[in-house]
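One-letter residues, chain by chain:
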Amino acid sequence: YFHMLDPLKMFVQKLIIKRFSLLQNTLKKRWLTSYIPPKVKAITFNKHGPPTEVLRAVTYQLPPLTPTSLHLKFLASPINPSDINQIEGVYPIKPNFKTLGEHEKIAVAGNEGVAQIIGVGDKVEDLKVGDWVVMGKSAFGTWRTHAEATPDDVIRIPHEGIGIVKAATLTVNPCSAYRMLKDFAALKEGDFVIQNGANSGVGQAVIQIAKAWNINTINIIRDRPNFQELKDYLKSIGATYVISDKDLQAKNHEFEWNKDIVGKGIALGLNCVSGKGVISMAKFLRHSSPLVTYGAMSRQPLTIPASLLIFTNLKFFGFWMARWGNENPRSKRIEMLNDIIELIKQDKLRDAVCEENIWGINGKDDDDVLTRNFLEIFKKAVEEFRGKKQLIKMI
């Protein structure tokens, strides 16, 4: 009798699972037949050029779901410097010009953002309506209210407890900081990292991630009237030391960190400014250390004295987050995002300093009004790139 129970139990379990699966498929088919794709409002361009001249809002109907496609509703998207470079045509990754609705050969602007899945094809696995996703690659086009995508285009994130602002700004600045701290030097607890442009989005992420990993940071910022206020802020998020670029380049200046680095030096340098000031920073690096360049905010070249190569044997590298994404497996990107999200949940990584702008959800606004509204936000973004980040919210 007892030997018969196990097979009977297994049969009942299989029957329940089969019936549940049939019920799921029935409900999914009913949902698909009643689901009406929404209209999209998007910021686009049909040629490269100055953003204020080539950007325009368009409206089009999202195409029907296919068995292998997704429909997304964007929640928020930031405006980053690389977005502007891409519109101008000077960014290495080119946008995809294609027909959207009745609009031929246009590209949707924007590279970063967070979206919620609102439609799932019946052959899509591991993703469901309500999931939050970030873009799996650059040039997807995130300045729009809705989009069609494939599962390969997106990465699902465990968003509970991290909020829209952190999710929307997750894939560029925090990821760049994480990779540069992890990939170029075998940093140990107590080591020192020196960086310029420390008040930038990446710079602030470097400070906070380094603090979480018990790594010290020496942070250089441009001399300015509110220097002390900015210094206090960077210290509040975990900076070990903060100095001005003017003091760094002054001869015979006594630095308060000298006593801390005696005998061990500075293990890693990070440069987003370039120009002559980088050499003043590089002189503090210990023998054979790496200096990683990921920007040139000064728009000046990086000139390396032979002495730093011959006698100090410094290693000079370039870093670009988009290239890292193309050269590494998706699994490694997911692992990195999960690590960063865990830091956010532990309150070790703050929101980027953003100004939130509602855009694109008023169905009464025509494309001309939406274009003017967006360009007002865009103007603020260009003026504030050294300060607040402008965030477009669609909710």
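The protein goes by enoyl-[acyl-carrier-protein] reductase in an unreviewed UniProt entry, where it is assigned to Gigaspora margarita. You can read under Catalytic activity (unreviewed entry) in the UniProt record for the protein the words "a 2,3-saturated acyl-[ACP] + NADP(+) = a (2E)-enoyl-[ACP] + NADPH + H(+)". Per UniProt, the protein carries the Subcellular location (unreviewed entry) text "Mitochondrion".

(A) Expanded view of the environment of Ser-307. Within the secondary structure, Ser-307 is located in helix H11 (residues 306-310). Accessibility expressed as a relative area gives 36% for Ser-307, which makes it partly exposed. Separated by 24 residues in the primary sequence, Ser-307 and Lys-283 place their C-alpha atoms 10.0 Å from one another.

(B) Fine view of the sheet that holds strand S11 (residues 216-221). The six strands lie next to each other as S12-S11-S10-S13-S14-S15, forming an open sheet whose pairing is parallel. Lying at the two open borders of the sheet, with one neighbouring strand each, are strand S12 (241-244) and strand S15 (315-318). Between one strand axis and the next, the sheet turns by 20 degrees as a mean value, whatever way the strands run. The pairing of strand S13 (residues 268-271) with strand S14 (residues 290-293) spans three bridges and is classified as parallel.

(C) Seen up close, the side chain of Ser-200. Mapped onto the elements of the fold, Ser-200 is located in the loop between strand S10 (192-196) and helix H6 (201-212). At 3.0 Å, the side chain of Ser-200 and the backbone nitrogen of Gly-203 are in polar contact.

(D) Main features of H6. In this model H6 runs 17 Å from its N-terminal to its C-terminal C-alpha over twelve residues, within 8% of the 16 Å that 1.5 Å per residue would give. Burial analysis of H6 places nine of its twelve residues in the buried class, the great majority of the element. Listed as buried for H6 are Val-202, Gly-203, Gln-204, Ala-205, Val-206, Ile-207, Gln-208, Ile-209 and Ala-210. Check the buried side of H6 and you find it contacts helix H5 (173-183), S10, S11, helix H7 (227-236), S13 and helix H13 (330-345). Just past H6, the residue Asn-214 takes up positive phi, approximately 60 degrees.

(E) Fine view of the environment of Pro-174. Secondary-structure assignment places Pro-174 in helix H5. Counting along the chain gives 35 residues from Pro-174 to Ile-209, while the straight-line C-alpha distance between them is 8.3 Å.

(F) How the structure looks around the pattern of salt bridges. The tally for this structure, following the rule as stated, stands at seven salt bridges. For Asp-131, the salt bridge goes to Lys-128, with nearest N and O atoms at 2.9 Å. A relative accessible area of 8% means that Asp-131 is categorised as buried. Residues Lys-380 and Glu-355 are paired through a salt bridge, measuring 2.8 Å at the closest nitrogen-oxygen approach. Note that Lys-380 is positioned in helix H14 (residues 367-383) and Glu-355 in strand S16 (residues 354-358), a separation of 25 residues in sequence. Overall, Lys-380 belongs to the partly exposed group, its relative accessible area being 27%.

About the cut-offs
- Residues numbered from 1 in each chain as written.
- Predicted model: local features only at pLDDT ≥ 70, side-chain atom pairs only at ≥ 80, totals over all residues.
- Heavy atoms only, no water.
- UniProt positions renumbered as here; feature names shortened; annotations may be inferred.
- Helix = DSSP H or I, 4+ residues; strand = E, 2+ residues; numbered from the N terminus.
- Buried < 20%, exposed > 50% of the residue type's maximum accessible area, 1.4 Å probe, protein only.
- Pairing = 2+ DSSP bridges.
- Axes fitted to C-alpha atoms, helices over the stretch in contact; angles between N-to-C directions.
- Polar contact = N/O pair within 3.5 Å; in protein donor to acceptor, adjacent residues only side chain to side chain.
- Expected span 1.5 Å × (residues − 1).
- Contact = heavy atoms within 4.5 Å.
- Salt bridge = Lys/Arg side-chain N within 4 Å of Asp/Glu carboxyl O.

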